[in-house]
Amino acid sequence: MTSEDLYSLHIIGSRGLGGAERFLARLVHALMDKGQRAAVVCRPNSRIQDILDPSIKRFYVAMRNGWDLISLTAIRRLIIQQSPAIVQTYMGRATRLTSVPKKCKSIHVARLGGFYKVRGYYRHADAWVGNTKAICDYLLKSGMDSERVFHIGNFVEPPALTPTQALEEIRGRYSIPSDAVIIFSLGRFVEKKGFQDLLGAFEKVPSEVFGRPVFLVIAGDGPMQPQLEKTSRELGFRDRIRWVGWQNRPEPFYDLADIFVCASREEPLGNVVLEAWAHKLPVIATRTPGPLELITEGQNGFLVPIAEPLALAKAISGLLQEKEVAWQELGAKGFETLNSRHSKEAVVEAYLNMYKRVQQLKH
């Protein structure tokens, strides 16, 4: 089978909209741009539908918690009916519920964006993709066949700039002064994303630089939101922080920002770093596995210890004290890294080559 007539079925079982969901959407769109056929299997109430083009075929399976035999059967039946060349699953729920029938020629590729439990979840796949070298090393140490483990990173396309009028409307909607320096972050409000550390750091960041007020803008939602908002009130900078909620399309907030911060305590890759670079933003991130692979200290970003607000505050304050041209230069270096190592063309070609390779290994 040639890449020209390859049909891939992409299965994800989450409700939310995070890095894995955004990458699935990007990859499916990119494959279709290359003339491939692709479809998505998701839960009926999944938020991934908000970012999928209406032209993309989709199928719905409940994919409940645990060993959902009804969903397992539904996915098997769907694979038989659709007969895709590639069945690509994302994260544990979809992967454990996907079992390609022996009579089918479909190949199961499990894509991992984290150090997930392998036994009972991933071992039955035909091949595995890790989006960082560290994840691939983890798979090899877990006993996976080295010929079937592939390192393919993520990509983010440089977006069109948000019109000035739209940015002004956002400033007005959230009462952000026109001269404010904006530090931006986004993600799920859960402990591993480190927003509690970001708030602790922001308390120690100067309230203004070069006569301009410094604001913190955070996009996202999650169970820790009430606690985080309470912390911002107790620390006394509630008037300089803006909670803008979950954003399906956060691009305007990246364009509004001057500096991006990823304060995660666990970050296997860091799609947000790539997204920030796509907007030419300078990035400060914690020394988690993903940012450690992406960032070269001082060249295309800065790295700080995990869960240490004082160190994060020092890095933010130091960058703020630099001239604006220094922020732009650092952001430009990140943009160069994105284009050289994480371009759409390179990543899509790597996936197509991997698909052909695993077909050869199985058949």
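Residues numbered from 1 in each chain as written. Predicted model: local features only at pLDDT ≥ 70, side-chain atom pairs only at ≥ 80, totals over all residues. Heavy atoms only, no water.

### Focus: the pattern of salt bridges
Counted only if it meets this: By definition, a salt bridge exists where a carboxyl oxygen of Asp or Glu is found within 4 Å of a side-chain nitrogen of Lys or Arg. Runs of H or I in DSSP of at least four residues are treated as helices and runs of E of at least two as strands, each being numbered from the N terminus. Categorising residues by exposure relies on relative accessible area from a 1.4 Å probe, with only protein chains included: less than 20% of the type maximum marks a residue as buried, more than 50% marks it as exposed, and the intermediate range marks it as partly exposed.
Summed over the entire model, instances satisfying the criterion amount to 16 salt bridges. Note that E349 is salt-bridged to K34, the shortest N-O span being 3.7 Å. Here E349 is found in helix α13 (residues 344–362), whereas its partner K34 is found in the loop between α1 (19–33) and β2 (37–42), with 315 residues between them in sequence. For E349, a relative accessible area of 34% puts it in the partly exposed group. For K34, a relative accessible area of 47% gives the class partly exposed. Of the charged contacts in the structure, one is a salt bridge between K133 and D137, with a shortest N-O distance of 3.1 Å. Within this pair, K133 and its partner D137 are both found in helix α4 (residues 133–141), separated by 4 residues, close to a single helical turn.

### Concerning the nonpolar core
To be explicit about the condition: Residue types Ala, Val, Leu, Ile, Met, Phe, Trp, Tyr and Cys, when buried and joined through side-chain atoms within 4.5 Å, form a set referred to as a nonpolar core. The contact definition used throughout considers only heavy atoms, calling two residues in contact when any of these lie within 4.5 Å.
The biggest cluster of nonpolar side chains holds 36 residues, and the ones touching the most others in it are L27, I86, V109, Y351, M354, Y355 and V358. Counting only elements with at least two residues in this core, the list comes to α1, β2, β4 (86–90), β5 (107–112), β6 (127–130) and α13. A per-element tally of this core places α1 first, with 8 residues. In contact with L27, not counting residues within four places along its chain, are H10, Q88, Y90, F155, V348, Y351 and Y355. Listed in part, the 33 residues of the second largest apolar core include V156, A257, L294 and I295.

### Here we look at unusual backbone geometry
The phi torsion at K280 lies on the positive side, around 60°, for a residue other than glycine. Relative accessible area serves as the criterion here: at 47%, K280 is assigned to the partly exposed category.

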